[in-house]
Amino acid sequence: MLIEKYIDETKQGAVHKGGGCTRNTKKLFLESYGCQMNFSDSEIVVSILNDEGFNTTDNVKEADLILLNTCSIREKAEQTVRTRLSHFKELKRTNPNLTVGVLGCMAERLKAQFLEEEQLVDLVVGPDSYRDLPHLLKEIENGKDAINVILSKEETYADINPVRLGGNGVSAFVTITRGCDNMCTFCVVPFTRGRERSRDPFSILKECKDLWNSGYKEIILLGQNVDSYLWYGGGAKKDFSKASEMQKVTAIRFAQLLGMVAEEIPGMRIRFATSNPQDMSLEVFSKMIQYPNICRYVHLPVQSGSDKILRSMNRQHTREEYLSLIRKARNMVPDLAFSQDMIVGFCGETEADHRDTLSLMKEVGYDYGYMFAYSERSGTPAHKKMTDDVPEEVKKRRLREVIDLQGELSAQRMKSYVGRVHEVLIDGESKKDKDQWKGRISQNAVVVFDKEYDTKLGDFVQVFVERSTRGTLVGKIIEIKS
Ligand code: SF4
């Protein structure tokens, strides 16, 4: 179950409940905001704190420790966290032993400033410092505020078994890289998650096999930029040039890793996110042809359809290079689906640039997308060197146009799945009807269908799609895959 890439940043985060040990007496209330990387990190945090005597609770009133895993991608995301923190004021007043902490990208971006600005916060921990949580909690027991926001060139948490907090036992995230070296001018990620480093492929394989052995049927290989995966024995990607000849010859890149996992567990459905057009190789699509368990879906952010804007965003590809990659990929894997990320109203964007974005969307025909108005982030190159000069009402109008167009494109794409049989992995009940299952086709579209033939969560079934709406397919089971 691919969590929507960006949880609505105006809403309260997802509360985690899971794992734990009966001997543990302390209670952890953990809420995650933002992208899948944060959700996956929260599973690492729970694993570390389980060993420190904490079990998770979804009742904040009984918590000894409250942690918010924060997002910094837009101003609104940070405002949501500040509002949420204010809800704990009364709890903190009535329980002085309660510890309140912040994790993730906002913690990394603000560092000690967070402790100054938010009085009830005792603990600030960046994405690469979760191993230090036990020591930091001891600091707090000794009456000190605690902070660790050191970014690492090595840390991948490869040896920590995540405690699964979502995905209902069917689908799970497996993080393969951390950080990003791309420095897109609007983006805070390189400052909040540090330099790119890849995880040992054999620890990834082991985690995938453990998931398969415990009944999971789908994995999502996760990274800010999975196409940049490069294992040469550990360390930052940017130091690859200093590697030995042997390390260079035996280095493992993303397409190889994808093939290794698909080959090792042929029954496991494999997805990956997030891809990057400037680093993506066509070899990924060769692996898709070779291994039917790799899903026919790619989330391929583009951010703008205008070459001028792509240059000022420091995106290392042109409009035509992006479109050519998609054309070649579709020639190799015909039934491939794409989704996008788009930013409207970036510094200097004109109506002509905006029209380029709309025309690119039409040319690709995306299944769906994540579309936002540009939100200036302090510390980014765009903040330092460019002017956020597109008026808010113009941003709003352009965003409306992009979202409306994507709605039309999604409806067309969904129609293209009607009248065909698709393999579907049952990953939950329909939100609207408890007598119906929901699942995803290989192209990631959601389909709902009646519960029949004694089917259950985690089953692969063949579904004939009878009709579609903009966001959902409706079908009928015609066969159960044994
Ligand atoms: S590729 Fe660009 S947008 Fe994506 S995380 Fe890296 S810097 Fe940010």
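Look up a bit, the structure's there.
Residues numbered from 1 in each chain as written. Predicted model: local features only at pLDDT ≥ 70, side-chain atom pairs only at ≥ 80, totals over all residues. Heavy atoms only, no water.

A. Summary view of the overall build of the chain. Within the chain one finds 16 helices and 22 strands. For 482 residues, the compact-globule estimate of 2.2 N^0.38 gives 23 Å, and the chain sits close to it at 22 Å. Reported as C-alpha extents along the three principal axes, the dimensions of the chain are approximately 65 × 55 × 55 Å. With 482 residues in all, the chain has 61% of them scored as buried. A fraction of 72% describes how many contacts in the chain between residues 6 or more apart in sequence connect residues 24 or more apart. Surface exposure of the chain reaches about 19,800 Å², of which carbon and sulfur atoms provide 52%. With 69 positive and 70 negative side-chain charges, the chain shows a spacing of 1 Å between the two charge centroids. (Helix = DSSP H or I, 4+ residues; strand = E, 2+ residues; numbered from the N terminus. Rg over C-alpha atoms; globule rule 2.2 N^0.38 Å. Buried < 20%, exposed > 50% of the residue type's maximum accessible area, 1.4 Å probe, protein only. Contact = heavy atoms within 4.5 Å. Areas by Shrake-Rupley, 256 points an atom, 1.4 Å probe, with all protein chains shown as cover. Lys, Arg positive; Asp, Glu negative; His and termini not counted. Charge placed at Lys NZ, Arg CZ, Asp CG, Glu CD.)

B. Spotlight on helix 2 (residues 75–86). Here helix 2 spans 17 Å end to end across twelve residues, near enough to the 16 Å set by a 1.5 Å rise per residue. All of the buried residues along helix 2 are Ala77, Glu78, Thr80, Val81, Arg82, Arg84 and Leu85. Those residues of helix 2 hidden inside the fold are in contact with strand 2 (26–32), strand 4 (65–70), helix 3 (89–94), strand 5 (99–103), helix 4 (104–110) and helix 5 (112–117). (Expected span 1.5 Å × (residues − 1).)

C. Focus on the site of the ligand. Every residue lining the ligand is accounted for by Cys180, Asn182, Met183, Cys184, Phe186, Cys187, Val189, Pro190, Asn276 and Arg315. When its residues are assigned to classes, the shell around the ligand shows seven nonpolar, two polar and one charged. (Near = heavy atom within 4 Å. Nonpolar A, V, L, I, M, F, W, Y, C, P; charged D, E, K, R; others polar.)

D. Quick peek at the layout of surface pockets. Here the second largest pocket is characterised by a volume of approximately 280 Å³. Forming the walls of the second largest pocket are 16 residues, and the residues nearest its centre are Phe54, Thr99, Leu137, Ile140 and Glu141. It is helix 6 (residues 133–141) that contributes the most residues to the lining of the second largest pocket, five residues altogether. A class-by-class count of the residues in the lining of the second largest pocket yields seven nonpolar, two polar and seven charged. (1 Å grid on protein atoms, 1.4 Å probe; cavity = no way out; pocket = protein on both sides within 12 Å on 5 of 7 lines; lining within 4 Å. Points joined across faces, edges and corners; volume = space filled by probe spheres on them.)

E. Region of the structure containing the side chain of Asp353. Looking at the element boundaries, Asp353 is found in helix 14 (residues 351–364). On the accessibility criterion, Asp353 (6% relative accessible area) is buried. Once residues lying within four places of it in the same chain are set aside, the contact partners of Asp353 are Ser306, Lys308, Ile309 and Gly348.

F. Quick look at a nonpolar patch on the surface. Together, Val421, Phe464 and Ile478 make up an exposed nonpolar region whose accessible area comes to about 250 Å². On the secondary structure map, Val421 appears in strand 18 (residues 421–429). (Patch = residues over 30% accessible without salt bridge, like charges linked within 9 Å, V, L, I, M, F, W, Y side chains within 5 Å. Salt bridge = Lys/Arg side-chain N within 4 Å of Asp/Glu carboxyl O.)

G. Up close: the packing of helix 10 (residues 254–264) against helix 11 (residues 283–290). At a minimum axis distance of 8 Å, the contact between helix 10 and helix 11 shows a crossing angle of 15 degrees. On the basis of their axis angle, the class for helix 10 and helix 11 is roughly parallel. At the point where helix 10 passes helix 11, the crossing takes the right-handed sense. Where helix 10 abuts helix 11, its residues Phe254, Ala255, Gln256, Leu258 and Gly259 lie against Glu283, Val284 and Lys287. (Axes fitted to C-alpha atoms, helices over the stretch in contact; angles between N-to-C directions. Parallel < 35°, antiparallel > 145°, perpendicular 65-115°, else oblique. Left-handed = near helix turned anticlockwise from the far one by under 90°.)

H. Structural context of empty space enclosed by the protein. Per the stated rule, a full pass over the model turns up four cavities of 30 Å³ or more. Approximately 110 Å³ is the volume found for the second largest cavity. Taken together, 14 residues form the lining of the second largest cavity, with Ser40, Ile44, Thr156, Thr175 and Arg199 sitting closest to its centre. At the level of secondary structure, the elements contributing two or more residues to the lining of the second largest cavity comprise helix 1 (36–50) and strand 8 (171–175). Each residue belonging to the lining of the second largest cavity can be placed in one class, and the counts come to seven nonpolar, three polar and four charged.

I. Local environment of the sheet that holds strand 18. The five strands are arranged 18-19-20-22-21 in a closed barrel whose pairing can be described as mixed. Strand-to-strand twist in this sheet, taken as the mean axis angle between neighbours without regard to direction, amounts to 55 degrees. In this structure, strand 21 (residues 460–468) lies alongside strand 22 (residues 472–480), joined through seven bridges in antiparallel fashion. For Arg467, the partnering residue across the bridge sits in strand 22 and is Val474. (Pairing = 2+ DSSP bridges.)

J. Highlighting the sheet that holds strand 17 (residues 368–373). The parallel open sheet is built from three strands, whose spatial order is 15-16-17. One side of each edge strand has no neighbouring strand; the edge strands of this open sheet are strand 15 (297–299) and strand 17. For this sheet, the mean angle separating the axes of adjacent strands, direction not counted, is 10 degrees. Two elements, strand 16 (residues 337–344) and strand 17, share six bridges in a ladder whose sense is parallel. Within the sheet, the bridge partner assigned to Val344 lies in strand 17 and is Ala373.

K. Layout of the packing of helix 13 (residues 319–332) against helix 14. One can describe the packing of helix 13 onto helix 14 by two numbers: an axis separation of 11 Å at closest approach and a directional angle of 10 degrees. As summarised for this structure, helix 13 and helix 14 are arranged roughly parallel, according to the angle between their axes. For the pair helix 13 and helix 14, contact is made by Arg319, Tyr322, Leu323, Ile326, Arg327 and Arg330 and by Asp356, Ser359, Leu360, Glu363 and Val364, respectively.

L. Region of the structure containing the environment of Arg199. Relative to the elements of secondary structure, Arg199 occurs in the loop between strand 10 (197–198) and helix 8 (201–213). As a C-alpha pair, Arg199 and Val124 span 75 residues in sequence and 25 Å in three-dimensional space. If we skip the residues at most four places from it in the chain, Arg199 touches Thr156, Ala158, Val174, Thr175, Ile176, Ile204, Glu207, Tyr229 and Trp231.

M. Structural context of the pairing of strand 19 (residues 436–440). Of all the five residues making up strand 19, five are buried; the element is thus mostly covered by neighbouring parts of the structure. Going residue by residue along strand 19, you find Gln436, Lys438 and Arg440 tucked away on one face and Trp437 and Gly439 tucked away on the opposite face as well. Taken together, the four bridges between strand 18 and strand 19 define a ladder with antiparallel strand orientation. When the sheet's bridge partners are listed, Leu425 is paired in strand 19 with Arg440. The antiparallel pairing of strand 18 with strand 19 creates a hairpin that spans six residues between the two strands. Here strand 19 pairs with strand 20 (residues 446–450) via five bridges, running antiparallel.

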